[in-house]
Amino acid sequence: MHLPIADTPTVRRLALDLLRRYRGRLARVVGLQALATVGALALPFLLGRLVDAVATGTTADVVNRLGWVLVAVVLVQAVMTRFAHRAAMVLGEEVFAELRETFLTTVTHLPLSTVERAGTGDLLGRTTNDVDRIQWMVRFGVPQVLVMSATILLTVLAAVLASPLVAIAMVAGVPILVIVTRRYLRRATPAYLRNSAAWARMNGTLTESVEHARTIDALALGPRRRRHTDEVINHTWETEVVTLRLRVTLFFWLGVSFMLPVAATVLWGAWLVGLDLATVGAVTTVALYTMQVRPAVSELLFWVDEMQVAVASLARIFGVGLVEPDRAPSGERPADGRIEAEQVRYAYREGQDVLHGVDLDLVPGERLAVVGPSGAGKSTLGRMLAGIHPPTGGRVTVGDVPLVDLPEEDLRSHVALVTQEHHVFVGTLADNLRLADAAADEERMCRALAAVDATDWVNGLDHGLETKVGSGGKELTPAQAQQLALARLVLLDPHTLVLDEATSLLDPRAARHLERSLSAVLEGRTVVAIAHRLHTAHDADRVAVVEDGRIVELGPHEELVAAEGEYAALWRSWQQD
Ligand code: ADP
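Residues numbered from 1 in each chain as written. Predicted model: local features only at pLDDT ≥ 70, side-chain atom pairs only at ≥ 80, totals over all residues. Heavy atoms only, no water.

Colleague: Explanation requested: the side chain of Arg225 in the structure shown.
Modeller: Its location among the elements puts Arg225 in helix H9 (residues 222–274). Overall, Arg225 belongs to the buried group, its relative accessible area being 18%. Beyond its immediate chain neighbours, meaning those up to four positions away, Arg225 contacts Thr205, Glu208, Ser209 and Ile216. (Helix = DSSP H or I, 4+ residues; strand = E, 2+ residues; numbered from the N terminus. Buried < 20%, exposed > 50% of the residue type's maximum accessible area, 1.4 Å probe, protein only. Contact = heavy atoms within 4.5 Å.)

Colleague: Just to check I follow, could you spell out the UniProt feature "transmembrane region" (unreviewed entry) in the protein for this structure?
Modeller: Feature annotation in UniProt assigns "transmembrane region" (unreviewed entry) to the following positions: residues 26–46, 66–84, 136–159, 165–185 and 250–271. End C-alpha atoms of residues 26–46 are separated by 30 Å, and the span's content is 100% helix alongside 0% strand. Between the end C-alpha atoms of residues 165–185 the distance is 32 Å, and the span holds 71% helix and 0% strand. (UniProt positions renumbered as here; feature names shortened; annotations may be inferred.)

Colleague: Where do I start with the sheet that holds strand S5 (residues 401–402) in this structure?
Modeller: Remark on secondary structure: sheet strands pair via backbone hydrogen bonds, oriented parallel or antiparallel. Strands sit in the order S2-S1-S4-S5 across an open sheet of 4 strands; the sheet is antiparallel. Because the sheet does not close on itself, it has two edges, and the strands there are strand S2 (352–361) and S5. Helix-sheet contacts for helix H11 (residues 378–385) involve strand S1 (339–349), S2 and strand S4 (393–398), and the interaxial angle to S1 is about 125°. (Pairing = 2+ DSSP bridges. Axes fitted to C-alpha atoms, helices over the stretch in contact; angles between N-to-C directions.)

Colleague: Before we go on, may I ask you to explain the pairing of S1 in this structure?
Modeller: For a regular strand, side-chain orientation follows a simple rule: the groups alternate between the two sheet faces. For S1 and S4, the ladder comprises 5 bridges, and the chain directions are antiparallel. Paired with Glu342 across the strands is Arg395, a residue of S4. In this sheet, S2 lies alongside S1 in antiparallel orientation, the contact comprising 7 bridges. Paired with Arg345 across the strands is His356, a residue of S2. Hairpin geometry of S1 and S2 is characterised by an intervening segment of 2 residues between the two adjacent antiparallel strands and by a positive phi of about 85° at Gly351.

Colleague: Would you explain the sheet that holds strand S11 (residues 542–547) in this entry?
Modeller: The strand order S6-S9-S10-S3-S11-S12 describes an open sheet built from 6 strands, whose pairing is mixed. Of all strands in the sheet, those with a lone pairing partner are strand S6 (415–418) and strand S12 (550–555), marking the two edges. The mean angle between the axes of side-by-side strands here comes to 20°, regardless of whether they run parallel or antiparallel. Judged from the 4 bridges that link them, strand S3 (residues 367–371) and strand S10 (residues 526–530) form a sheet pairing that is parallel. Across the sheet, Arg367 pairs through a bridge with Val527, a residue of S10.

Colleague: Can you help me understand the packing of aromatic side chains in this one?
Modeller: Working definition: an aromatic ring pair is given by the centre-to-centre distance plus the angle between the planes. A complete count under the given rule lists 6 aromatic pairs for this structure. For the pair Phe252 and Trp253, a centre-to-centre distance of 5.2 Å together with 80° between the ring planes defines the contact as edge-to-face. Using a relative accessible area of 37% as the deciding quantity, one classes Trp253 as partly exposed. Centre to centre, the rings of Tyr567 and Trp571 are 6.3 Å apart; their planes meet at 20°, and the pair counts as stacked. Placement of both Tyr567 and Trp571 in helix H20 (residues 566–576) is noted, with a separation of 4 residues, approximately one turn of the helix. Of the two residues, Tyr567 and Trp571, neither departs from the other in class, the shared state being buried. One aromatic cluster in this structure is built from Trp136, Phe302 and Trp303. The ring of Phe83 has Arg82 lying over it, and the distance from NZ or CZ to the ring centre is 4.8 Å. (Phe/Tyr/Trp six-rings, centres within 6.5 Å; stacked < 30°, edge-to-face > 60°. Lys NZ or Arg CZ within 6 Å of the ring centre and 35° of its normal.)

Colleague: In this structure, what is going on with the UniProt feature "domain: ABC transmembrane type-1" (unreviewed entry) in the protein? I would like to understand it.
Modeller: Here, the residues flagged by UniProt with the feature "domain: ABC transmembrane type-1" (unreviewed entry) are residues 29–308. Within the segment residues 29–308, helix and strand shares are 92% and 0% respectively, and the terminal C-alpha atoms sit 23 Å apart.

Colleague: Please clarify how a positive patch on the surface should be interpreted in this entry.
Modeller: Together, Arg182, Arg183, Arg186 and Arg187 make up a region of like positive charge exposed at the surface. Among the structural elements, Arg183 can be located in helix H7 (residues 174–211). Judged by its relative accessible area of 42%, Arg183 falls in the partly exposed class. (Patch = residues over 30% accessible without salt bridge, like charges linked within 9 Å, V, L, I, M, F, W, Y side chains within 5 Å. Areas by Shrake-Rupley, 256 points an atom, 1.4 Å probe, with all protein chains shown as cover. Salt bridge = Lys/Arg side-chain N within 4 Å of Asp/Glu carboxyl O. Lys, Arg positive; Asp, Glu negative; His and termini not counted. Charge placed at Lys NZ, Arg CZ, Asp CG, Glu CD.)

Colleague: Please clarify how the site of the ligand should be interpreted in this entry.
Modeller: Near the ligand there are 13 residues, and of these Gly375, Gly377, Lys378, Ser379 and Thr380 occur at the shortest range. One nitrogen or oxygen atom from the main chain of Gly375 is found 2.7 Å from an oxygen atom belonging to the ligand. For the ligand, an oxygen atom lies 3.0 Å from a polar atom in the backbone of Gly377. Protein contacts shield 64% of the accessible area of the ligand, which totals 550 Å² for the unbound molecule. Those elements that place two or more of their residues in the shell around the ligand are S1 and H11. The element contributing the most residues to the shell around the ligand is H11, with 3 residues. Along the lines of polarity and charge, the residues of the shell around the ligand split into 4 nonpolar, 6 polar and 3 charged. (Near = heavy atom within 4 Å. Polar contact = N/O pair within 3.5 Å; in protein donor to acceptor, adjacent residues only side chain to side chain. Nonpolar A, V, L, I, M, F, W, Y, C, P; charged D, E, K, R; others polar.)

Right under this line is the structure:
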């Protein structure tokens, strides 16, 4: 299942909304460009005058004066062009910045289940390739389209003013132009959409192969992976060829439609001069205008083509914004910090429930261990209790308010999920800590680090909290990365923690040290520990045994062992190991 793609009306509406917000600035850019164009248009006009003056006989003085006016016009035009381009580029940057910021906000608020279902390749493709394509369009395309449209309009207008009769020849290329561009546009969008999708798939496949190279080696999936890679590359290549062919045909016919009007103007003009319906000067002026409009039309069409690519990318970017949120804050405030699950069901795939109606009341301050065979649904239950996904059925509440009715920041101040996969984000240590609480000051951050026993190594760093970490910065050891994650929890300060030990990567030497950090964090909070090994269960206040998506036994360790049920059997077999 892919992330949605916005349809054309939606793309048009959102793009127009965006441009409308920059209405005033757009008008300024067009206005400046119009001034610059008027300067450029004065040249053929003055040259035409010169031709007529020379043809009818004039003094060197008049020719000199016209010459100086020409120089002045060129200078003024150059200055105006500079300002027009500058304004256009700055505008392009601002529009792009807004687009990118909105997109990033949307991406970071996407429901996790949607991302998991769609695969990260799709999202990655949209955040990289598609954003790049748009960036190019917005930075250079939007300004150029504005500039060129203004140029074309004014040039044609000037030609008509110079001699309406001669200017008629300018339309000679228009029929071909209209036919080829329309044909092209009809075919281009679907072709470019297929092309973008193919690129996204190729990137996803390559990223996957690189990230999971070890798994691929271990399972000897190399040949199969290579075959798959060849397949996606071939497919991408094919979609590229299709779009390339479309472009080649387009450009051939464009060339024809550009040459036609110039030839037509000269021939038609010569005939009119013969009939005394136009002067040689007027024909010169219009012919020069026709030449002048060519690069502008060509540039505009180039951008119309690029725009097809950009619209396809924009459809994919705006599409991300169409994902339905999986929760909507209701504004209710929890009465207390008691977490309860009622008849909770969850299905990753429709119709395949992984949890079949789980009831569970957490006693504030207790430590509950969740045990059971692999695949029983422990991690899924953990994610429900932490409000990661809205349950498919039933509800999980804190103080009688469903977790998924809380705004995300509030939710995390109640309950947080702790896994053992800790990513160190690129930035300073302080940046990494402030992810938990953007307003945390240095003192609070230091206290949080002290709570997890990390003060020593942090103080040992050259720049302390301001040390750059993550990819390209200082490498943190896995244990340090975990401490950083734990310090974030201290800053978040939730009353309930769900600990998923699924991917315990602890280095045994670091483990004891970390265990201390961890118990400092757990102190005074309600803890749900998903135990993939039973020793954690033994120390817990209560144990919940999950089997096949249900809690089959619940109680203190001793009671469950005495009851001689599932848990007692698990416990005995574990002890024998
Ligand atoms: P446990 O933590 O007890 O090992 P899980 O909660 O991870 O069990 O998994 C319960 C069931 O849900 C398993 O059958 C597993 O294959 C399935 N499952 C887990 N995560 C996903 C997912 N992201 N998409 C689809 N199915 C999943």
